[in-house]
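# Survey of secondary and tertiary structure
Residues per chain, in single letters:
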Amino acid sequence: MDETFPDKQLLVSAGKKEDLQVDTECASGGIWKCKYCNLEEYYDYKGMKPPFAKHLKMLEDCYIIKDPFSISSKCEVLVLGANCSICKCSCCMECSIYYYKRFCKSCAIKNSHCFPSKLNDKIKQLNDK
Amino acid sequence: MKKHNDFRKSHQDDTDYFRHNHKKNKSEEKSRYTGEKNYRSKYDKKTEYSEDRTENHGNYTSHKYKNHREKMYSKHEAGTSKEDDYFSKRRPRESPEDTESEFTYTMYKHDLNKIFSSYPLIQDTNEFWQFVKKYELIEKKKNVSPNKTTKVGLNSIGIPEEYNRTHCLNFTLNYKDDELFINVPESRQLTTEKLKKFKEIIIIYMDFKQKEKFQKLKKLRNDQANLPVAQYKNQIVEAVKNERVVIIAGDTGCGKSTQVPQYLYQANFGKIACTQPRRLACIALAKRVAYESLNENRNEVGYQIRFEKQRNQDTKITFITEGLLLRQVSGESGISQYDVVILDEVHERHLHGDFLLGIMKCILHQRSDIKLVLMSATINIELFSNYFSQEDVKVLQVPGRLFPIQLIYRPVMVVDKYSKTERFNPSPYIQIMQIIDKTYPSTEKGDLLIFLSGMSEITAVVDAAKEYCKKENNWIVLPLHSTLSIADQDKVFGYAPEGVRKCIVSTNIAETSLTIDGIRFVIDSGKVKEMSYDPNCKMQRLKEFWISKASADQRKGRSGRCGPGVCYRLYAAEDYSSFEKFSTPELQRVPLDSSLLQMIAMGLPDPRKFPFIEPPPAESIENSILSLKEHGALTENEKLTSIGKTLSRLPVDITIGKMLIMGSLFHQVEPVLSLAAALSVQTPFTNKAYRDKECETSRKNLESDHGDPITLLNAYKEWLEVKHANIGEVRSGSSSSKKWCRRRGLEEQRFYEMTKLRTQFKDLLEDCKLLQSSDVNSEMTSSERIMRHGELKLLRSLKRTYKQNDSRKRKQLKIDEDSIEIEDEKDDGIDIKDVEFRMKNDYSKVSSLVTASSACSYKDLMMLKLILCSGLYPQFAVADEFNYCKSMNEQLFHTKVKPFVALHPMSFFGNHHEVLHLAESDISEILGFKSKTPISAKHQLLTYLSLLETTKPYLVNTLRIPAAQTLLLFSQEIDTNYTFTTIVCDSWLSLDFPTPDTGAILLLKAANLRQQWDNLLNIRLGEKVKLEEENIDELEYELSKGLVEFMHTSVPYTIKRLLVADLKSIYVGCGENATVIEPNPFSLDFECVPHEKKGGIRVNKIITYDCLIASDWSDKVACEMMEVEWNCKTCDFCGVLTTIEKLQHISRCNRNRKIDEAEKKSYVPPEKKKNDVPYECSICQKVLYLAPTEILKHQKQHSQ
């Protein structure tokens, strides 16, 4: 783990790296449910490059819907959630934390010692929700 | 308790940013905080999930209220507090000392904005720049240490060990840097580094927006799950799947109206109709349900109301008004387009709702694949479950969500009720306002809602309340009733400023129709003015009643929607217990004519056997059937006629429907369409139009001395002209038509409604084949089409902008000296109604509407009047004989069944009664003829749209018409004496024609015209063999020419109202004067029969000849006639004849003439050209129709 990156490049290459890992599941549509809060929604797209929002590039495979709160022509999106990078369960944005990768509530808590200290509060908050 | 703490914590967070502003109050705040803890904790759980609501109106506790205020500010100034919250989570705050100003991105706002115009990254740039400002501020406070270049490694779970906030972002922009900043001009300070940094800010901002949106979604789902009805979701779905009829009973706030359609949709029912009694509820619910199902951008949730439709093939849930579904069910499309029908608010028992219940009951027997769901409040459930007891019915009860309400009875002493001046005494209401002021600190939020019975009571209380709060300025007093303008109605939804309460003084409109949030106090007068209906004289009566228990409870409930409330009842508990259990259903207090006709048209053989849930009085049904027969919609044995069939398809009163049909017979359909539309909507003339001096003078030129319908038509026409003249003003905010209306005290909304209704009428008439469809677009030139295209594009974008701004709907109220204004009304001044109007009506359409809405010539006007009468008959009224010597308020009129009716003060004749009086010069004398009433050729009647009793009975929407002519054309029974000097119409009005033969000839003309009219009607409605189009036109031309001439005939007569006693002594009686008339001058093919009761002989369906006892004058005329020779005007005949013999002669002459004319016509060459002129050629002895050049040719031909 002595590989080092300059800051910006990290982001880009991280994206690329994930790109290769992508399951071919980036097809459209389906029902998605958060394992923790049971939020259940229909999603329009799963993946990193939502076809209805070309200006965005996700750094993980996300469950995405077209933004239902704004006018459709504006091609805005709403990201519902993603799969946990450790346990692969699907979790919503509030029941998980993103730091370089997606961690669901329980995986984040289990590994809380591995996160930078600045995120400790945030991880604690996850448990409260 | 945990939740409770949480809640507070988050709110502390929220206010963090504002704390420095409130440092002084901090300690105060804290103490209040703990003091209120008890009050709060009980309801905290609830407040939390209903945060959506509390956000809108605040809670009663001051802290929460302050929060709310801050949130509101933050909404205006782009979400400051929330953003701040967001930052505070990201980094700890440091000392604010550092105020070094150097580079900020804001300096390059203009340049940087170019990014957003080329890439769809950010919608609201203003908000973004606010965010940037704050971001920079915090960055500065933090004293950023340039540790960016630190290198990091990945740890055991694969994340970088050292914290960097960019790792918290799960997305990036899909653009390369130079691609993104391509349009940003280069400058010294905007270095690549700075730009990169800017990109980061954009991403952080977008991430913030994402989080905000996700929270919104989460809260929405939480709110839904916390609705009482949510626990019953599975039960409801199961019940609907298994049973045929499901009744869901739940009180206000349980969420049934929004959730049940969604549950069913999720359970794979795909064609759901959900009815609502009110149009506005349809739109509001459709919007809400679309929002909740994240469907706003698709069409799966739609609505359909009288004037508007937002639905297509994709629509799965349709909110629809009861009336419209009733029409659909009885129409061609039928019920098959739905698989579930939800009837919401059935307990309100509206007319259409009750009919729908009956029809659905029938449909359930015919079709097994349809499910019926009834939703009601928890009152009277047995009524509904018993009604469907034969079908499988399942009742589910859902508890409501109401906070506890303190109930206080404060009966008003009878003495106090009205002050000395007999006026309604508002002091009990003011006393309660005083109590509220004393008992509840102004920091505790909560508004007051007062229920009164009517307008005058509201005005009294509003005036007194304004007086009361003049000093303190701590109340905003707002009246609320249906005749207010829409804008004024909307004010009740605004926020009151801090420390001020709203006091809404309302009719029962706020009981169910309008829900105002934030009400904590209710004062209930216990009274309601309700429309009842007298089927005998077809009069609507607005009378004050005690309310029912059900509506008393509903009123009480209005105070407990948002928090614990207080309800003051201005009557005793004993009064309450004596109230009726439920209010009278509408079915029992309105005319049933059109509904019954619709049922009959649907195939119901006997309307008396309709399965009413609670049948109306039998009398009401009988009267309606009678009235339908009078209008020719039903035959004597209650079969549907062709008029009836057409009428049943028109969603209007029978009278208006009949006008439309008659209008389409003549080439008068355009103004009739406008008139019918104008008469079908609420009047645009507001109270102000009559009370305000300025309004009165400026609307003067709209008035027509013919009466209110023509005035209304004038107003509509002028409004259209204003629209027409300003068609180019799309861009400018408030339209000039709006100003035009305001100046005259008119409600513009009504004109828009008229326009929509008019289009609808036109479509309907085209559907019924009564009108040929027209295609306006095809007449446009290509340049016009291009212009129109551009205009439409602009309008559409305006509409979109409006929609976007629509979200921040509720507005801040402020206290003004006299009027209460809504802030920033002018800012987003898109007049959406105007935009919609322009989208539907282009320049040429408006200009054709203008011409279509005017009746200029005498002939047009007369035809219009006749068409109106044909719809309104028998709604005629005759003036009291003493009117000429009485003042304005004492002018009285008599209808056939209702004597002594007054003119409505808000009508033309109510202010100009002298127009109806006979001028001295119009009264003539005839030697020897004695009469109490004046002889004149200019007697007039009034025809009216409706009778309304408030303080006294009034005629509403009156039009003046020539008396004798109209009566002879429309009366259903006409009786005459031997010489036709006396003619009695409908056993109501007696006309005396002293001059010999004048009455007879007038009646003969009328009879002929009526026959022609019937003939034309039958041809048009397809009952008779179709004639050539040309022949129909000719028939119509002749008829309308005849009618206008007839109406213009000047014959002197007297008019007298017959009383019941008179009727006993005017007829000769059965078996008398039964001599058969042969040939029958009134109708050749009608076989004369003696009249069984009156005596005399019936010469056609309507006229009975010689059944009136002869008067001295009549005998005298008969004698004189034997001495004077009579000259026929058409032939050369000369001799002594009785009146009836003369009529026989005249009709024979007429027939002969017609045959002659017909023969003559056959000579006319068929292909007549435009500039042909008749030319009588002396050589061929023929009349030729030739163009001038052809005449020359013809002459040449002879000369050769």
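Conventions we followed
Residues numbered from 1 in each chain as written. Chains lettered and ligands numbered in written order. Predicted model: local features only at pLDDT ≥ 70, side-chain atom pairs only at ≥ 80, totals over all residues. Heavy atoms only, no water. UniProt positions renumbered as here; feature names shortened; annotations may be inferred. Helix = DSSP H or I, 4+ residues; strand = E, 2+ residues; numbered from the N terminus. Buried < 20%, exposed > 50% of the residue type's maximum accessible area, 1.4 Å probe, protein only. Contact = heavy atoms within 4.5 Å. Areas by Shrake-Rupley, 256 points an atom, 1.4 Å probe, with all protein chains shown as cover. Pairing = 2+ DSSP bridges. Axes fitted to C-alpha atoms, helices over the stretch in contact; angles between N-to-C directions. Expected span 1.5 Å × (residues − 1). Buried area = accessible area lost by both parts, 1.4 Å probe. Salt bridge = Lys/Arg side-chain N within 4 Å of Asp/Glu carboxyl O. Nonpolar A, V, L, I, M, F, W, Y, C, P; charged D, E, K, R; others polar. Parallel < 35°, antiparallel > 145°, perpendicular 65-115°, else oblique. Left-handed = near helix turned anticlockwise from the far one by under 90°. Core = buried A, V, L, I, M, F, W, Y, C linked by side-chain atoms within 4.5 Å. Phe/Tyr/Trp six-rings, centres within 6.5 Å; stacked < 30°, edge-to-face > 60°. Lys NZ or Arg CZ within 6 Å of the ring centre and 35° of its normal.

Going by an unreviewed UniProt entry, chain B carries the name ATP-dependent RNA helicase DHX34 and comes from Trichogramma kaykai.

Taking an unreviewed UniProt entry as the reference, chain A is identified by name as Cysteine-rich DPF motif domain-containing protein 1 belonging to Trichogramma kaykai. Listed under Sequence similarities (unreviewed entry) in UniProt, the entry text for chain A is "Belongs to the CDPF1 family."

What follows covers the overall build of chain A. Looking only at helices and strands, one finds three helices and eight strands in chain A. Looking at chain A as a whole, 51% of its 129 residues qualify as buried. Counting only contacts in chain A whose residues sit at least 6 apart along the sequence, the fraction spanning at least 24 positions is 27%. Entry remark: accessible area of chain A is about 6400 Å², with carbon and sulfur atoms responsible for 52%.

With that settled, consider the pairing of strand β7 (residues 96-99) of chain A. All names here are of chain A. Burial of the side chains of β7 extends over both faces: Ser96 and Tyr98 are buried on one face and Ile97 and Tyr99 on the other. The pairing of β7 with strand β8 (residues 101-104) spans four bridges and is classified as antiparallel. By the bridge assignment for β8, Tyr98 is matched with Arg102. Hairpin connection of β7 to β8: one residue between the antiparallel strands, including Tyr100 at a positive phi of 70°.

What follows deals with the sheet that holds strand β11 (residues 447-451) of chain B. Residue and element names in this part refer to chain B. Reading across the sheet, the six strands line up as β10-β17-β14-β11-β13-β12 and stay open at both edges, with parallel pairing between neighbours. Looking at which strands have only one partner, the edges of the open sheet turn out to be β10 (405-409) and β12 (475-480). The average undirected angle you get between the axes of adjacent strands in this sheet is 15°. Sheet topology note: the strand β14 (residues 519-524)/strand β17 (residues 565-569) ladder contains four bridges and is parallel. Each residue of the ladder has a partner; that of Phe521, found in β17, is Val566. Here helix α19 (residues 455-468) sits on the sheet in contact with β11, β12 and β13 (501-506), set at roughly 170° to β12. Those strands touched by helix α21 (residues 549-557) are β10, β11, β14 and β17, and its axis lies near 140° from that of β17.

What follows deals with helix α26 (residues 654-665) of chain B. All names here are of chain B. For α26, which comprises 12 residues, the first-to-last C-alpha distance of 17 Å matches the rise-based estimate of 16 Å (1.5 Å per residue) to within 8%. Among the 12 residues of α26, 12 are classified as buried, and the element is accordingly described as predominantly covered. The complete set of buried residues in α26 reads Ile654, Thr655, Ile656, Gly657, Lys658, Met659, Leu660, Ile661, Met662, Gly663, Ser664 and Leu665.

Facing the 43 residues of chain B at the interface are 51 residues of chain A. Buried area between chain B and chain A, summed over both chains or domains, comes out near 4800 Å², and the portion from carbon and sulfur atoms is 60%. On the chain B side of the interface with chain A, the three residues burying the most area are Ile157, Asn170 and Phe214 of chain B, jointly 14% of the side's total. At the surface where chain B touches chain A, the tally comes to four salt bridges. Across the salt bridge formed by Arg221 of chain B and Glu41 of chain A, the nearest N and O atoms sit 2.3 Å from each other. Elements that contribute at least two residues to the side of chain B that touches chain A include exactly β1 (171-173) and α10 (192-225) of chain B. Tallying contributions element by element places α10 of chain B first for the side of chain B that touches chain A, with 10 residues. Among the residues making up the side of chain B that touches chain A, the classes are represented as 18 nonpolar, 15 polar and 10 charged.

This paragraph deals with unusual backbone geometry. All names here are of chain B. Cis geometry marks the peptide bond from Tyr873 to Pro874, where omega comes out at 10°. Within the secondary structure layout, Pro874 lies in the loop between α36 (858-872) and β20 (876-879). The peptide bond linking Glu1078 to Pro1079 adopts the cis configuration, its omega dihedral lying at -5°. Along the chain, Pro1079 turns up in the loop between α41 (1060-1066) and β31 (1089-1090). A positive phi angle is found at Asn473, which is not glycine, with a value near 55°. For Asn473, the position within the fold is in the loop between α19 and β12.

Further remarks concern the packing of α36 of chain B against helix α38 (residues 963-970) of chain B. All names here are of chain B. Where α36 meets α38, the closest approach of the two axes is 11 Å, and the angle between their N-to-C directions is 50°. If you check the angle between α36 and α38, you find them oblique. Where α36 crosses over α38, the handedness of that crossing is right-handed. Here Leu866, Cys869 and Ser870 of α36 lie close against α38, whose contacting residues are Thr966, Leu969 and Phe970. Grouping the amino acids of the contact of α36 with α38 by side-chain chemistry returns four nonpolar, two polar and no charged.

What follows deals with the nonpolar core. Ranked by internal contacts, the top residues of the largest apolar core, which has 162 residues, are Leu343 and Phe355 of chain B. For this core, the element with the most residues is helix α39 (residues 998-1020) of chain B, which contributes 11 residues. Sequence-distant contacts of Leu343 of chain B, defined by excluding residues within four places in its chain, comprise Thr275, Leu325, Leu356, Leu357, Met360, Leu372, Val373, Leu374 and Met375 of chain B. Residues Ile65 of chain A together with Leu121, Ile122 and Ile203 of chain B belong to the second largest nonpolar core, which totals 58 residues.

Residue and element names in this part refer to chain B. Following the criterion strictly, the structure yields 49 salt bridges over all chains and no others. Residues Lys197 and Glu139 are paired through a salt bridge, measuring 2.9 Å at the closest nitrogen-oxygen approach. Placement of the pair is Lys197 in helix α10 and Glu139 in helix α8 (residues 125-142), with a sequence separation of 58 residues. Across this residue pair, the class does not change: Lys197 and Glu139 are buried.

This part covers the packing of aromatic side chains. Under the criterion given, the structure shown has 42 aromatic pairs over all chains. On the numbers, 5.4 Å between centres and 50° between planes, the contact of Phe69 of chain A with Tyr291 of chain B is tilted. A residue pair is termed interchain when its members come from two chains, as with Phe69 of chain A in the loop between β4 (62-66) and β5 (77-83) and Tyr291 of chain B in helix α13 (residues 279-292). One exposure class covers both Phe69 of chain A and Tyr291 of chain B, and it is buried. Ring geometry for Phe610 of chain B against Phe612 of chain B: centres 4.8 Å apart, planes inclined by 65°, an arrangement best described as edge-to-face. For the pair Phe610 of chain B and Phe612 of chain B, a shared accessibility class is recorded, and that class is buried. Ring-pair connections join several aromatic residues into one group, and the members of that group are Phe103, Tyr105, Tyr108, Phe116, Phe128, Trp129, Phe131, Phe198, Tyr205 and Phe208 of chain B. Its guanidinium or amino end placed over the ring of Phe103 of chain B, Lys194 of chain B lies 4.6 Å from that ring's centre, counting from NZ or CZ. Here the guanidinium or amino end of Lys361 of chain B rests over the ring plane of Tyr387 of chain B, the centre of that ring lying 4.7 Å away.

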